[in-house]
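Examination of the molecular architecture
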Amino acid sequence: MWGFIHMYSAKMPKNFLWGGAVAAHQLEGAWNEDGKGMSVADVMTVGSATKPREITDGVIPGKNYPNHSAIDFYHHYKEDIKLMAEMGFKALRTSIAWTRIFPKGDEKEPNEAGLKFYDDLFDTCHQYGIEPVITLSHFEIPFHLIKEYGGFTNRKMIDFFVRFATVCFKRYKNKVKYWMTFNEINNQTSFNNDFLMATNSGILFKDGMTDEEKEAAMYQAGHYELVASALAVKVGHKINPNFKIGCMINYSPVRPLTPSSDDVLLADKFEQRRDWFSDVHVFGEYPNAVEVYIERNGYRPDITDEDRIVLKEGTVDYVAFSYYQTTTVSSEKVKPDDLTDLAQAIAKNPTLKRSDWGWEIDPEGLRIALNQLQDRYHKPLFIVENGLGAYDKVEADGSVHDDYRIDYLRNHISEMEKAVELDGVDLMGYLTWGCIDLVSAGTGQMDKRYGFIYVDKNDAGEGTLGRSRKDSFFWYKKVIQSNGKDLN
Ligand code: BG6
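As the structure is a prediction and not an experimental result, all values here were calculated from the model.

1. So, the overall build of the protein chain
Per the secondary structure count, the protein chain includes 15 helices and 15 strands. Its C-alpha atoms give the protein chain a radius of gyration of 22 Å, within 12% of the compact-globule value 23 Å for 488 residues. Its C-alpha atoms give the protein chain principal-axis dimensions of roughly 70 × 60 × 45 Å. Of all intrachain contacts in the protein chain linking residues separated by at least 6 positions in sequence, the fraction that spans at least 24 positions is 75%. Seen as two clouds, the 57 positive and the 72 negative side-chain charges of the protein chain have centres 3 Å apart.

2. Some thoughts on the side chain of Glu107
Mapped onto the elements of the fold, Glu107 is located in the loop between helix H3 (98–101) and helix H4 (112–127). With no salt bridge to any partner, buried Glu107 finds its closest opposite charge in Lys104, at an N-O distance of 6.1 Å. A polar contact is formed between the side chain of Glu107 and the backbone nitrogen of Gly105, at a distance of 2.9 Å. Setting aside chain neighbours within four positions, we find Glu107 in contact with Phe102 and Arg163.

3. A short note on the site of the ligand
Within the structure, the ligand sits among 14 residues, and Gln26, Glu184, Glu385, Lys448 and Tyr450 are positioned closest to it. With respect to the ligand, the side chain of His138 contributes an N or O atom lying 2.8 Å from an oxygen atom. The side chain of Tyr450 places a nitrogen or oxygen atom 2.5 Å from an oxygen atom of the ligand. If the ligand stood free it would expose 380 Å²; the protein chains cover 93% of that surface. Looking at the shell around the ligand residue by residue, the class counts come to 6 nonpolar, 5 polar and 3 charged.

4. Section: the layout of surface pockets
Over the atoms, a rolling probe the size of a water molecule traces out where space has been left empty. Approximately 1,500 Å³ is the volume attributed to the largest pocket. For the lining of the largest pocket, the secondary-structure elements that each account for two or more residues are helix H7 (194–201), helix H9 (261–274), strand E8 (327–329) and strand E9 (346–347). Among the residues forming the lining of the largest pocket, the class breakdown is 17 nonpolar, 19 polar and 9 charged. A volume near 250 Å³ is recorded for the second largest pocket. Ile55, Thr56, Asp57, Phe143, Lys147, Asp194, Ile203, Leu204, Phe205, Lys206, Asp207 and Lys214 are the residues that line the second largest pocket. The residue makeup of the lining of the second largest pocket, split by class, is 5 nonpolar, 1 polar and 6 charged.

5. Side note on the packing of helix H13 (residues 363–377) against helix H14 (residues 403–421)
Across the interface, H13 lies against H14 with an axial gap of 8 Å and an inter-helix angle of 30°. Between H13 and H14, the angle is such that the two are roughly parallel. Classified by chirality, the crossing of H14 by H13 is right-handed. Residue-level contacts link Pro363, Glu364, Leu366, Arg367, Leu370 and Asn371 of H13 to Asn411, His412, Glu415, Met416, Lys418 and Ala419 of H14. Class assignment for the residues of the contact of H13 with H14 results in 5 nonpolar, 3 polar and 4 charged.

6. With respect to the UniProt feature "active site" (unreviewed entry) in the protein chain
The feature "active site" (unreviewed entry), as given by UniProt, occupies Glu385 in the numbering adopted here. Structurally, Glu385 is set in strand E12 (residues 381–385). Once residues within four sequence positions are removed from consideration, Glu385 is found in contact with Arg93, His138, Asn183, Glu184, Met248, Phe321, Ser322, Tyr323, Tyr324, Leu431 and Trp433. Within the structure, Glu385 has its side chain in polar contact with the side chain of Arg93 (distance 2.9 Å).

7. Some details on the sheet that holds strand E6 (residues 254–256)
Pairing between the strands of a sheet is mediated by backbone hydrogen bonds and can be parallel or antiparallel. Across the sheet, 3 strands lie side by side as E6-E8-E9; this open sheet has mixed pairing. Both edges of this open sheet fall to E6 and E9, since each of them pairs with a single strand only. Of the pairings in the sheet, the one linking E8 to E9 comprises 2 bridges and is antiparallel in character. The partner of Thr328 across the bridge, within E9, is Ala347.

8. With respect to the sheet that holds strand E3 (residues 131–137)
An order of E1-E2-E3-E4-E5-E7-E12-E13 is seen for the 8 strands of this closed barrel, with the pairing classed as parallel. For this sheet, the mean inter-axis angle between neighbouring strands, taken without regard to orientation, is 25°. Two elements, strand E7 (residues 318–322) and E12, share 4 bridges in a ladder whose sense is parallel. Within the sheet, the bridge partner assigned to Phe321 lies in E12 and is Ile383. Contacts between H4 and the sheet are confined to strand E2 (91–95) and E3, with E3 contributing the most and set at about 150° to the helix. Packed onto the sheet, H14 meets strand E1 (17–21), E12 and strand E13 (427–433) and runs at close to 170° relative to E13.

Each value, and the rule that gives it
- Residues numbered from 1 in each chain as written.
- Predicted model: local features only at pLDDT ≥ 70, side-chain atom pairs only at ≥ 80, totals over all residues.
- Heavy atoms only, no water.
- Helix = DSSP H or I, 4+ residues; strand = E, 2+ residues; numbered from the N terminus.
- Rg over C-alpha atoms; globule rule 2.2 N^0.38 Å.
- Contact = heavy atoms within 4.5 Å.
- Lys, Arg positive; Asp, Glu negative; His and termini not counted.
- Charge placed at Lys NZ, Arg CZ, Asp CG, Glu CD.
- Buried < 20%, exposed > 50% of the residue type's maximum accessible area, 1.4 Å probe, protein only.
- Salt bridge = Lys/Arg side-chain N within 4 Å of Asp/Glu carboxyl O.
- Polar contact = N/O pair within 3.5 Å; in protein donor to acceptor, adjacent residues only side chain to side chain.
- Near = heavy atom within 4 Å.
- Areas by Shrake-Rupley, 256 points an atom, 1.4 Å probe, with all protein chains shown as cover.
- Nonpolar A, V, L, I, M, F, W, Y, C, P; charged D, E, K, R; others polar.
- 1 Å grid on protein atoms, 1.4 Å probe; cavity = no way out; pocket = protein on both sides within 12 Å on 5 of 7 lines; lining within 4 Å.
- Points joined across faces, edges and corners; volume = space filled by probe spheres on them.
- Axes fitted to C-alpha atoms, helices over the stretch in contact; angles between N-to-C directions.
- Parallel < 35°, antiparallel > 145°, perpendicular 65-115°, else oblique.
- Left-handed = near helix turned anticlockwise from the far one by under 90°.
- UniProt positions renumbered as here; feature names shortened; annotations may be inferred.
- Pairing = 2+ DSSP bridges.

The structure is reproduced here in structure tokens:
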């Protein structure tokens, strides 16, 4: 007999890592300074909400490559980190630009000037008690490795990546504790999307390739990346046993458009086909559904017995993910057994509002994501991206009243807190994407803004690069100060 109802409620952890996230290529600029080489991000032009970015064959004079100068964080990082410290950041996620350390990617010796830049950057973070959270590969593959080796379709890429990771682990052994190997490794399941294939895996498909050829290449590249990641995890733990090394996926819980069995099965198949990467990262083995799918299609990727041992030995310490939206699928578009190109299954969710770039807004989806990932992996989780890309208006006095951004973040944080406090999810931290305005990865725009800190620069590349505090800056400061209690 229950005499009373006991309401259990955990609290947000005291050492919760509140902060923000960025990536080297989207904010540093200085694309060819101090020995830095050309990365895939350096050959991507500016696009828009409706116009995709072009990936050119090298840098072509006269084209607009927004990442070349970005917000010039390379020369402004001290003032920028000071502003983040003013908000009370406990952590800042960024990446190490591979091409600052190995300009072409296949050199034997690293570039000292590049290593030194990150020494100074991490020292500046620590000066303010900000923990650096570092991604090793965030859409920054050296262009030379793409042209010469075909990106991650080539097994040699494993050695190049592991060498890069090892140099970083050794150099920043006492400065960085939290690492991630590949950003949004599962993006490449959209094998028909040239942008995602180039940025994720360094693959530039030749004209006329069939869907089957593209999908086969994706499974091969994905496998080599997973082996590279596992080897890096092993090496990293040897260099410093206190390192926490995680994987990073783009997580978007999948919903059936209707309760029909076909829609539900399609949602399951979609999920199996997209999110198996983290299964390999966490469990060290492929899920059966993927093995069978690969086999059934006759793809025969090069997966050796030795690779399988490495995958088992290099499992991750935590699961990091970005969350922007949920995905809804409909069997009216494609039948579950015919699913190959995932994009074809996606339907509009009629219950959700969308951002100006068409991204569905679904705060409850974040709680669902946290519960699903916790149940599946039993590992600490880390939200390393979440946020709203929006147009901002600067008032005559320089202020930016971005209450839409505050609303978005408030609703998501509130769902996150329910996941921790009511559902018992083990969560390490919450890092908002693009805490300072930066170049959008998907469109190359500056005017798709996520930041608390406004940067005066527009899509055409004009502006003073001046930094200023938006209303959300003061709001997030209160959120952090109150450990997430004060969301007003
Ligand atoms: C994630 C990436 O996919 O989404 C980031 O890891 C990216 O690099 C972010 O910037 C938001 O996407 P976008 O296209 O709005 O910049």
